[in-house]
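Reading the structure
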Amino acid sequence: MKTPTIALLALACGACASTPPPTPSSAMQPMASRPVAQSAAARPAGSALIQIPTSAPQASLVMGVVPIGSTLIYGGRAVRIGPDGRFVVGVAREQTGALTLDLTLPDGTTRKLSVTITPRSFPVERVNGVPKATVKPPPEIAARIEREQAQVNATRTRDDDREDFEQRFIWPVQGRISGVFGSQRIYNGTPGAAHSGVDIAASQGTPIHAPAGGIVTFANPDLYLTGGTVLIDHGHGVSSNFLHMSRIDVKVGEHVVQGQVIGLVGKTGRATGPHMHWGMNWFDVRIDPQALLEAEGVK
Ligand SMILES: [Zn+2]
C-alpha cells in the first residue's frame, strides 16, 4: 500500500486515485428527467408561464423558466434569472427530499416551487487496516493543498450573466468511463471525500475539448493534487474543471467555444495514470457531468 497516496485520498477528493473501479450497473441509475424544464408546473393567473421539472436526480442541474422581472431565492441565495427568464440551480449529491425555490412574481405575489429529489446510489468501498499515521499528510503539504483549493474555490463564486450552460454539453474526451462521480472510499470507518467528477480513460496527449462555451477562470499547470488544472465558467454559477492535464492551451480570461481544444490529457498531480477527470459545479455544489450528458441523450 502506498502510504502517501492513502494520506491524500483521505484528505481531498481532487486526486482521482481514490476512484474505485467502475461498477457500471450500480454506479449510474437512469436519470429521471432531463435537467431542462419539461413541464409547466403552474400557470399563475395573469403571469407568464413558469417551467420547472417536477423531479431531479441528486448531483444534477435543474433548469427552469420564470417570468421576467421575478426574483428567485434558493438556499438563501438570489438565483440569477436570464433575459429570457431562464435560471439554473444545482442539486447536491447528499441532498434529499425536495428542493424549494421561493419565487416572487413581478406583481409581488409569492410562490414556492418544489422539485422532488430522486435518490441515487453511489459506489462505496470500505478499506480497513489503514495505519492511522498515514491518513494525514505532512503539515506543509496540507497547507499547500488548502491554499490551492482556496484559489480554485474562489473562482466558483462567480455569477456571470452568460448562458453558455444552456448549450448541449459534449464529452471533452471520448473514451471508456474509468471512474464515476460520487464514489467514495471509507478508511477505517472514516469516509474519504467522494470522487468529484467523472474519469475518462485516455492516453497521454489526447486533446481535451471544451464541453460547452465559457470563460477560462483558472489555469495552473502544477497543483499538488490535481496537477495541470483548468476551470471554465459557463455562466450562472455553472463551471467545469479539468484535472491532471499534461498541457494547458488556454489562459485565464480567455473565451472558449464549445469543442475548442483547451489542452492535453496527462497524469500530473496525484494521478495513477493518464486520464481525463472532468468535474462540474453549480457554485460550490458538485454536479455529475455524466448525469448531465446522459440526461441530454449524449452518448
Ligand atoms: Zn477523477
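The structure reproduced in this document is the subject of the present report. This one's a predicted model, so the numbers in the text were calculated from it and none came from an experiment. (Residues numbered from 1 in each chain as written. Predicted model: local features only at pLDDT ≥ 70, side-chain atom pairs only at ≥ 80, totals over all residues.)

**So, the overall build of the protein chain**
When helices and strands are counted, the protein chain shows 4 helices and 23 strands. Expressed as a percentage of the 299 residues in the protein chain, the buried residues total 43%. By sequence separation, contacts in the protein chain at least 24 residues apart represent 68% of the contacts at least 6 residues apart. (Helix = DSSP H or I, 4+ residues; strand = E, 2+ residues; numbered from the N terminus. Buried ≥ 20, exposed ≤ 12 C-beta atoms within 10 Å, placed from the backbone. Contact = placed C-beta atoms within 7 Å.)

**Quick word on the environment of Pro-207**
When you line up the elements, Pro-207 lands in strand 15 (residues 207-209). With 15 C-beta atoms packed within 10 Å, Pro-207 lands in the partly exposed category. When the C-alpha positions of Pro-207 and Met-245 are compared, they lie 9.7 Å apart, and in sequence the two are 38 residues distant. Beyond its immediate sequence surroundings of up to four residues, Pro-207 is in contact with Val-261 and Leu-264.

**Considerations on the environment of Asn-128**
Tracing the backbone through its elements, the reader meets Asn-128 in the loop between strand 10 (124-127) and helix 3 (139-155). Along the backbone, Asn-128 and Asn-188 are 60 residues apart, and their C-alpha atoms lie at a distance of 4.5 Å.

**Observations concerning the sheet that holds strand 15**
The strand order 15-21-19 describes an open sheet built from 3 strands, whose pairing is antiparallel. The open sheet has two edge strands with one neighbour each: strand 15 and strand 19 (247-248). Sheet analysis places strand 15 next to strand 21 (residues 261-264), joined by 3 bridges and oriented antiparallel. Of the residues in strand 21, the one forming a bridge with Ile-208 is Gly-263. (Pairing = 2+ DSSP bridges.)

**Observations concerning the nonpolar core**
Residues Leu-61, Val-62, Val-88, Val-230 and Phe-242 are the most contacted members of the largest nonpolar core, which totals 52 residues. Here this core spans two domains, and each of domain 1 (40-118) and domain 2 (122-295) adds at least three residues to it. (Core = buried A, V, L, I, M, F, W, Y, C linked by C-beta atoms within 7 Å. Domains from an automatic or database assignment.)

**A word on the sheet that holds strand 9 (residues 110-118)**
Strand order in the open sheet formed by 5 strands is 3-9-8-5-6, and the pairing between neighbours is mixed. Edge positions in the open sheet fall to strand 3 (55-57) and strand 6 (77-78), since each of these has one partner strand only. As defined by bridge partners, strand 8 (residues 98-104) adjoins strand 9 across 7 bridges and the pair is classed as antiparallel. Of the residues in strand 9, the one forming a bridge with Asp-102 is Lys-112.

**Some points on unusual backbone geometry**
The phi dihedral of Ala-59 is positive, around 60°, even though this residue is not glycine. The residue Ala-59 is located in the loop between strand 3 and strand 4 (61-65) in this model. Backbone geometry places Phe-283, a non-glycine residue, at a positive phi of 50°. Here Phe-283 shows up in the loop between strand 22 (275-282) and strand 23 (285-287).

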